[in-house]
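Residue-level structural notes
Each chain, written out:
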Amino acid sequence: MLNGISKILTGDMLKVLSDMGHGDVLILGDANFPGEAIAKTTSYGKLIRCPGISTADIYEAISELFPLDVAYTEFPAAVMEVTASDRLKGMTDPAVWKDFEKVLHKNYPEASLGRIDRFDFYDKSKKAYAVIVTGEERPYGNLLLVKGCVL
């Protein structure tokens, strides 16, 4: 344990956050995210699991340590867009996105949460630095983060 760092951040998570460089992508996947298969294609090469903890709570803990690339990336925080078929079934913007925006705006009031097509999100995930799968059970609880520069 370390003082001043959230107790939900494991040693593997802290190593990944520290090792990542400017422009590297971190994926926070929900409980349904195909993390094991995708993590094998990432720079880190293995999945980090954080069961029982929501994506928003992990994002909150990470946000204290992890700068976003607001200077060079249009959407340094982005979600997987709701599919057309889910919209046709009446699904609106998922409530979990409000939780993500709350954390985003705490540190970057002017930033907007981007939206990425489902299959584009998976493609970007395969090129990410690392994947953390959370215990998030709410639909569309996935988040892509682009690391900025430490100042």
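Residues numbered from 1 in each chain as written. Predicted model: local features only at pLDDT ≥ 70, side-chain atom pairs only at ≥ 80, totals over all residues. Heavy atoms only, no water.

Details of the overall build of the protein
Scanning the protein for helices and strands turns up six helices and six strands. Counted from the first residue to the last, the protein has its helices and strands arranged as α-β-α-β-α-β-α-α-β-α-β-β. The C-alpha radius of gyration computed for the protein amounts to 14 Å, which stays within 12% of the reference 15 Å derived for 151 residues, consistent with globular compactness. Expressed as lengths along the three principal axes of its C-alpha atoms, the size of the protein is roughly 45 × 35 × 25 Å. Relative to its full complement of 151 residues, the protein shows a buried share of 47%. Contacts spanning at least 24 positions in sequence make up 84% of the contacts within the protein whose residues lie at least 6 apart. On the protein, the mean spot of the 17 positive side-chain charges and the mean spot of the 21 negative ones are 4 Å from each other. (Helix = DSSP H or I, 4+ residues; strand = E, 2+ residues; numbered from the N terminus. Rg over C-alpha atoms; globule rule 2.2 N^0.38 Å. Buried < 20%, exposed > 50% of the residue type's maximum accessible area, 1.4 Å probe, protein only. Contact = heavy atoms within 4.5 Å. Lys, Arg positive; Asp, Glu negative; His and termini not counted. Charge placed at Lys NZ, Arg CZ, Asp CG, Glu CD.)

Description of the pattern of salt bridges
In the structure shown here, the tally under the stated rule is eleven salt bridges. A salt bridge links Glu136 to Arg138, with the shortest nitrogen-to-oxygen separation between them at 2.8 Å. Residue classification places Glu136 among the buried residues on the basis of a relative accessible area of 4%. On the basis of relative accessible area, Arg138 is assigned to the partly exposed category, the value being 29%. Each of Glu81, Arg87, Asp93 and Arg115 takes part in a single network of salt bridges with overlapping partners. (Salt bridge = Lys/Arg side-chain N within 4 Å of Asp/Glu carboxyl O.)

Some words on the environment of Phe33
Summarising the element assignment, Phe33 is placed in the loop between strand S1 (25-29) and helix H2 (35-39). Under the relative-accessibility criterion, Phe33 is labelled buried at 6%. Taking C-alpha positions, Phe33 is 7.6 Å from Asn142, a pair spaced 109 residues apart along the chain. The contacts of Phe33, once residues within four sequence positions are left out, are Ile27, Ile38, Phe121, Tyr122, Ser125, Val131, Val133 and Asn142.

As for the side chain of Asp69
Among the structural elements, Asp69 can be located in the loop between helix H3 (55-63) and strand S3 (77-80). As a buried residue without a salt bridge, Asp69 has its nearest oppositely charged side chain in Lys147, at a separation of 11 Å. In terms of polar contacts, Asp69 uses its side chain to reach the side chain of His22, at 2.9 Å. (Polar contact = N/O pair within 3.5 Å; in protein donor to acceptor, adjacent residues only side chain to side chain.)

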